[in-house]
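# Structure assessment
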Amino acid sequence: PEWAAVSALMQDDAVFDVARFVDFWSEPGGFQRLPLGEQARVLALAPAVEREVRALMDSPLTLADDARIPGPVWLVGGEQSPAPAKALLAVLARHIRGSHVRTTPGGHAAPVTHPDALLAVILEAIAARSV
């Protein structure tokens, strides 16, 4: 029954976009390698993700706005994140005074795939605030 639900959703053009989105942030074929239950969960989240991406793309905020963010700001990226994500992290780091940049193993899904590495960065940030 789970496969039938996923298979039916795969006939929708929007699913192809979701698969491309997942593949971009993970690796080619990443969506297809997800267990069927995880594919169904990702597909169910697709409308919310699409709204969030559109909101980011349509945002009137600029790098000058980012530069006014009071620190400290911790910017975290994954070692296997795609090049555009790494480039954005570098741009933000240059524009946000006092930012701290950390890289964790994994890619965009590192909070799920490498939660201990992200937890270490969060604990480092908390410890830095305590000093």
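Our subject in this report is the structure included herewith.

Reading the values: the criteria
Every chain's residues receive numbers from 1 upward, in the order its sequence appears when written. Whole-chain, interface and lining totals are the exception, using all residues; otherwise, since this is a predicted model, local features are given only for residues with pLDDT of at least 70 and side-chain atom pairs are given and counted only at 80 or more. Side-chain numbers here rest on the full set of heavy atoms in the structure, without hydrogens or water. Only DSSP runs of H or I with at least four residues qualify as helices, and only runs of E with at least two residues qualify as strands; both kinds are numbered from the N terminus onward. We call a residue buried when its accessible area falls under 20% of the maximum for its residue type, exposed when it is over 50%, and partly exposed in between, using a 1.4 Å probe and counting protein chains only. Whether two residues touch is decided by their heavy atoms; if any such pair falls within 4.5 Å, the residues are in contact. Reported accessibility uses the Shrake-Rupley method at a 1.4 Å probe radius. Residues are deemed covered only where the shown protein chains occlude them. The salt bridge definition used is simple: a Lys or Arg side-chain nitrogen within 4 Å of an Asp or Glu carboxyl oxygen. For two strands to pair, DSSP has to find at least two bridges joining them. Seen with its strands pointing away from the viewer, a crossover is right-handed when the path leading from the first strand over the helix to the second is clockwise.

A separate point is the overall build of the chain. Tallying secondary structure elements over the chain gives 8 helices and 2 strands in all. Across the 131 residues of the chain, 23% fall into the buried class. Long-range pairs, those at least 24 residues apart, make up 62% of the contacts in the chain with a sequence separation of at least 6. On the chain, roughly 9,000 Å² of surface is accessible, and the fraction owed to carbon and sulfur atoms is 64%.

Along the chain, Asp-66 falls in helix 5 (residues 63-67). In contact with Asp-66, not counting residues within four places along its chain, are Leu-92 and Ile-96.

One pass over the structure, following the stated rule, counts 4 salt bridges. For the salt bridge of Glu-27 with Arg-33, the shortest nitrogen-to-oxygen distance reads 2.8 Å. Of the charged contacts, one joins Arg-102 and Glu-124 as a salt bridge, the two residues approaching to 2.7 Å between their closest N and O atoms. With a gap of 22 residues between them, Arg-102 in strand 2 (residues 99-104) and Glu-124 in helix 8 (residues 115-130) connect regions that are remote in the sequence. What makes Arg-102 partly exposed here is its relative accessible area of 26%. The class for Glu-124 is partly exposed, based on a relative accessible area of 33%.

It is worth spelling out the pairing of strand 1 (residues 73-78) at this point. With 6 bridges joining them, strand 1 and strand 2 adopt parallel strand pairing. From the neighbouring strand, Gly-77 faces strand 2, where its bridge partner is Thr-103. Handedness of the crossover is the feature at issue here: the chain leaves strand 1, passes through helix 6 (residues 83-95), returns alongside strand 2, and the resulting connection is right-handed.

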